[in-house]
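Tertiary structure, described
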Amino acid sequence: MRKFTCLLILFLSGFFGAYAQSFSVSGTITDENKMPLLGVNVIVKNESRGTTTDFDGNYTIQNISSGDVLQFSYLGFQTQEITVNDQQTINVTLQTDSEALNEVVVIGYGTQSRKEITGAVSVVGSETIEDLNPARVEQALQGRVAGVNITSTSGSPGSASTINIRGISTNGDNRPLILVDGNVIEDLSVINPNDIESINVLKDATAGIYGVRAANGVILITTKTGSYNADLQVEFDAYTGVQQTTRRLPALNATEYAVIVNEAYAAAGQNPPYPNYRNLGEGTDYQDEVFTTAPMSDMNLNISGGGDRSKYSFGASYFNQDGIVGGSKSNYDRFTGRVNYNLEIIDNLKLNLSGIYTNSNRKTLAENALGSVLFNAVNMNPNIPVRDADGNFSLAEGLGNEVVNPLAQINNAFNDTRVDKISGVGGLEYTIWDKLTAKTQFQFNYSEVDGRYFSPEVFYGSGKVFNVDRNNVTENFEIYRDYTWDNFLTYNDSFGDHNLKWLLGMSVFKTTGDLASLTGFELPSNEYGSARVSNAAEVVDNYQNGGDTFDTRLLSYFTRVQYDYQGKYLFSGLIRRDGSTAFGPENKFGWFPSASVGWVISDEDFINDNGALNFLKLRGSYGIIGNDRIPAFRYASLLNGEGAYVFNDEIIFGKASGALGNPEIKWEKQKTLDIGLDARFFNSSIDVTIDYFKKKTEDLLVIPQVSGILGVAAPGSSAPFVNGGGVENEGLEFSIGYNQVVNDNFKFNVNYNLTALRNEVLYVNSESGFIPGGVFGIGQEPPSRMEPGKPIGYFYGLETNGIFQTQAEVDAAATQANAAPGDIRFVDQNGDGVIDSDDRTDIGDPIPDLTMGANIGFTFKNWDFNAYAFASLGNDIVRNFERNQPNTNRTNAFLGRWTGPGTTDSFPRVTVGATSNNQFSDFFVEDGSYLRLQNVQVGYTLDSDLIANTGVEKFRVYASVNNAFTLTEYSGYDPSASNGAPIGGGIDQGFYPVPRIYMLGINMKF
């Protein structure tokens, strides 16, 4: 009993003793200016217990014991930890976290803190790329960076995209300069997106530090690297997915087709070809036959680490993708290996090495052209089965010369291209003394491109232009080499309130290529496996002179001064002198200056920091950047054409005059103005950037129309380049982001950006006053133009004014060839009473007025969610995928055709007779605006406790949908696609649609 009593006393004393040690803690949390902070997280470290502050910054947390550690965290401020002794009141002043403003951003030949930047620079981090899992790098920029517009040239595997930064500035090469770890990369397909640490986009004149290749903007890609004194870390990412088409055009079924064709024949006074159409049924939908569900997969491995003086990173990946058209006949696979190594050889000498090896193989089908697979699938007669009674592919008889059975076309397509590329960077950096550093860096690219394209002997139908009477194979072998050698000195000094950084450098660039192509005819077998030029009975050298080469070189000198006073008055000025082999001795070198300034207004004493405004900077830049992207030595007429000569009754191939030279050509110049504002509000939870820009490109390097008597149509020849145009792009960029940590379990972010753009051609130096381009139909004049006062590449055709309802309306209108009731009425623009080519006018613009991007993401406990959307508004697309032959199929829009007075005023009658309805007009121009949900992803990360003993530090699984849906009124396959041509873009000849992709993946870290 006494023992029991003693135990009870001990238990109760322990209980009450423990109770006596627990107490509550209260206090107020403010910022550095003693302003209360709402929503600060207050938690007991390593426990789930916690609370948040109220509107006045007050908090109370219960059941605190001596020795507990309270953690105070708030977005935009440094996290504080306080160990509790016996105090019951703890007031805390949180310090602003300047890390975001001090974030290092890669700029030209160096880095700079975000606060100090005076130019227009946008950054995309590795987190965004991981969320999107893009097949190509440029897909991570679409909708994420204001002012950057990405259009797909095709949705086929391995296809490239067109990147335009702040509009189209020239009718020539509009590509931005792309550098990976400082090395020039022309083709982003060689980069594995998972290897990227960050992407920085330079959009204004400050990009001029990179000289002539930077006229269209600069994209700086930094790949992942290790860390000093870091343990070995292994990351493995993988996903697999399936792809589907997002759309099938509503083609007529067999019965509907027969009704329309019968009516068209009857309208021309001919016998209907399908008198018993009621028994035809649905027939064959050739789109269902050519589209397929296609697999894709990707695996990535990254290993990194480092010691006291070195750090390293190694990455390897394999990507494979079949096409939604043709399956394995439209395939792309890529292997990438990457290595980064940094070594501090001695205290003042550093070595950096990086290299990328890429092997890719791509198989392609005919696309986005007359006679492409999708073109044929839409136009094929649905009453013709895929195969005939003998099991052979059916012939496409009676459908014109271009339409063939698309399944037979896929079966006979053998187009393989293999690329092996090595890119490397090696550099040494020596600190002469604390303030002066010297660096030399050598970069190179070497690639071999092997192509084999086999055309077996095949018969698609009577008179088909794609029939092959002699089987043949073409083998291409191309070698491309380039190197860049940069040398520069950097001086960095601070004295009092003054900070100065000075850069002086020089750069040498050279690129060469060797091209060879042979075609062999009459192969012994009609099988691809033995299709080699070496087996052919006849071989033709496609370069009659034995091959083709090019050699382009640049020599540049540059200097830049960056200065700030008290960290709030900022200045950067640079000048670069570039010399190019594209121009003659008188114009070879050009001087290109630019300058930018910035004012950190929020650092001024008159700004009352009340917690609402945390950062405000006004900046501006202006400069001139040159452009020389034309073939080398075009200032001179060279003997590099192909000539055929007869000696002793035998044809001998040799040299002839090539492209005509112009010794007067000079640098194309771009004058760029940018005024920007950067701001952060409410404890840096809201981030706003606004930019106004104006880019004026002068002395455009163009090839004008010239008379044929100059001999420019001979093989290897062309008209000369001239400085013959000017283009202006003016616009506004706006981006806003909101990030909020609600509590330890929940945080979210919302980001939005908008770009408004106006493009205008200022002048064109040609006899006609314009430059034509693009293709519509067969035998019609080019539908696009570059002309003063209009956007570059605008559509030029006839304007429509409804449908003729009666013969009286036809008689009262301007004379129009073969016009009858039910035909399109065209507008007589010049009032001469005749509809002809002189009545053509502006009927559309392929350049969007507005582009927008938005994304939302949140994490809740172990769950994460991300969604990205993009919109393009105000651009037009030409519908050119319909082959207007009497027996080709049509879309169901023809069901709403004119059938008599009053039936419709928008869609013409059908007839096999001659009409003007197929003339290029605004009837074929549609609004190409669209809104696309580009990516939706949901992920779950396992608790660390569950994998603690497995050696796995992180294990995440996710599911995502790319190209989830598209809202558009455009009737074609895909409103986002374009061939990328400045003049002739936006014309849809049956674009291969960007697929919808369903993916499952994992992220692992060891």
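To keep things clear, this report deals only with the structure shown in the data block.

Reading guide: rules and limits
- Residues numbered from 1 in each chain as written.
- Predicted model: local features only at pLDDT ≥ 70, side-chain atom pairs only at ≥ 80, totals over all residues.
- Heavy atoms only, no water.
- Helix = DSSP H or I, 4+ residues; strand = E, 2+ residues; numbered from the N terminus.
- Rg over C-alpha atoms; globule rule 2.2 N^0.38 Å.
- Contact = heavy atoms within 4.5 Å.
- Areas by Shrake-Rupley, 256 points an atom, 1.4 Å probe, with all protein chains shown as cover.
- Lys, Arg positive; Asp, Glu negative; His and termini not counted.
- Charge placed at Lys NZ, Arg CZ, Asp CG, Glu CD.
- Pairing = 2+ DSSP bridges.
- Axes fitted to C-alpha atoms, helices over the stretch in contact; angles between N-to-C directions.
- Expected span 1.5 Å × (residues − 1).
- Buried < 20%, exposed > 50% of the residue type's maximum accessible area, 1.4 Å probe, protein only.
- Polar contact = N/O pair within 3.5 Å; in protein donor to acceptor, adjacent residues only side chain to side chain.
- Phe/Tyr/Trp six-rings, centres within 6.5 Å; stacked < 30°, edge-to-face > 60°.
- Lys NZ or Arg CZ within 6 Å of the ring centre and 35° of its normal.
- Salt bridge = Lys/Arg side-chain N within 4 Å of Asp/Glu carboxyl O.
- Core = buried A, V, L, I, M, F, W, Y, C linked by side-chain atoms within 4.5 Å.

In terms of helices and strands, the protein chain carries 7 helices and 52 strands. Taken against the 2.2 N^0.38 rule, which gives 30 Å for 1006 residues, the C-alpha radius of gyration of the protein chain at 33 Å falls within 12% of a compact globule. Over its C-alpha atoms, taken along the principal directions, the protein chain stretches across nearly 120 × 75 × 65 Å. Taking the contacts inside the protein chain whose residues are at least 6 apart along the sequence as the reference set, 70% of them involve residues at least 24 apart. Total accessible area computed for the protein chain in this model is approximately 43500 Å², and 54% of it derives from carbon and sulfur atoms. Taken as two groups, the 72 positive and 116 negative side-chain charges of the protein chain have centres that lie 4 Å from each other.

Another point: the sheet that holds strand β3 (residues 50-52). Remark on secondary structure: sheet strands pair via backbone hydrogen bonds, oriented parallel or antiparallel. Overall, antiparallel pairing links the 4 strands, which are arranged β3-β2-β5-β6 in an open sheet. Bordering the open sheet on either side are β3 and β6 (80-83), each of which pairs with just one other strand. Pairs of neighbouring strands in the sheet enclose a mean axial angle of 20 degrees, with direction left out of account. Two strands pair when backbone bridges link them, and strand β2 (residues 41-44) and strand β5 (residues 69-73) are joined in this way by 4 bridges, in the antiparallel orientation. Bridging from a neighbouring strand, Ile43 pairs with Gln71 of β5.

This part covers helix α3 (residues 254-267). Structurally, the α-helix is built with 3.6 residues per turn, so residues lying three or four positions apart point the same way. In this model, α3 (14 residues) spans 20 Å end to end at C-alpha, consistent with the 20 Å of a helix rising 1.5 Å per residue. For α3, the full list of buried residues reads Ala254, Tyr257, Ala258, Ile260, Val261, Asn262, Ala264 and Tyr265. Capping the start of α3 is the job of one residue whose side-chain oxygen sits 3.1 Å from the backbone nitrogen of Thr255: Asn253.

This next bit is on the packing of aromatic side chains. Taken as a whole and judged by the stated rule, the model has 29 aromatic pairs. A ring pair is formed by Tyr59 and Phe72, whose centres lie 5.8 Å apart and whose planes are at 75 degrees; its orientation type is edge-to-face. In this pair, Tyr59 is assigned in strand β4 (residues 58-65) and Phe72 in strand β5, connecting sequence segments 13 residues apart. Each member of the pair, Tyr59 as well as Phe72, is classed as buried. Note on Phe335 and Tyr357: the rings are 6.4 Å apart at their centroids and 55 degrees apart in plane angle, and the pair reads as tilted. Placement of Phe335 in strand β20 (residues 327-346) and of Tyr357 in strand β21 (residues 349-363) is noted, with a sequence separation of 22 residues between them. A residue is classified by how much of its surface remains accessible, and Phe335, at 35% relative accessible area, is partly exposed. Seen from the ring of Phe393, Arg387 lies directly overhead, with NZ or CZ sitting 4.0 Å from the centre. The side chain of Lys790 reaches across the aromatic face of Tyr794, ending 5.9 Å from its centre.

Okay, the pattern of salt bridges next. Counted according to the given criterion, the structure contains 37 salt bridges. For Asp195, the salt bridge is made with Arg338, and the minimal N-O distance between the two is 3.3 Å. In this pair, Asp195 is assigned in the loop between β14 (183-184) and β15 (196-202) and Arg338 in strand β20, connecting sequence segments 143 residues apart. Each of the two residues, Asp195 as well as Arg338, counts as buried. In this structure, Arg619 engages Asp674 in a salt bridge whose closest nitrogen and oxygen atoms are separated by 3.4 Å. Separated by 55 residues along the polypeptide, Arg619 in strand β30 (residues 613-627) and Asp674 in strand β33 (residues 668-681) bring together distant segments of the chain. As far as the burial class goes, Arg619 and Asp674 line up, both buried. Each of Arg166, Lys203, Lys617, Arg619, Asp674, Asp678, Asp691 and Glu733 takes part in one network of salt bridges that share partners.

This next bit is on the nonpolar core. With 27 residues, the main nonpolar core has Tyr286, Val290, Phe291, Val325 and Met380 as its most contacted residues. At the level of secondary structure, the elements contributing two or more residues to this core comprise α4 (286-290), α5 (373-379) and α6 (406-411). Among the elements that line this core, the one with the most residues is α5, at 5 residues. Not counting chain neighbours up to four residues away, the residues in contact with Val325 comprise Val290, Phe291, Ser330, Leu365, Val373, Leu374 and Tyr992. Counting residues in each nonpolar core, the second largest holds 26 residues, with Leu252, Tyr257, Phe826 and Val878 among its members.

Moving on: the sheet that holds strand β47 (residues 876-879). Ordered in space as β48-β47-β51, the 3 strands form an open sheet in which the pairing is mixed. Every other strand in the sheet has two partners, leaving β48 (925-927) and β51 (987-988) as the edge strands with one partner each. Here β47 pairs with β48 via 3 bridges, running antiparallel. The residue of β48 that forms the bridge with Asp876 is Asp927.

Looking now at the environment of Gly620. Here Gly620 is to be found in strand β30. Dropping the residues within four chain positions of it, Gly620 is found in contact with Thr118, Ala595, Ser596, Val597, Asp674 and Ile675.

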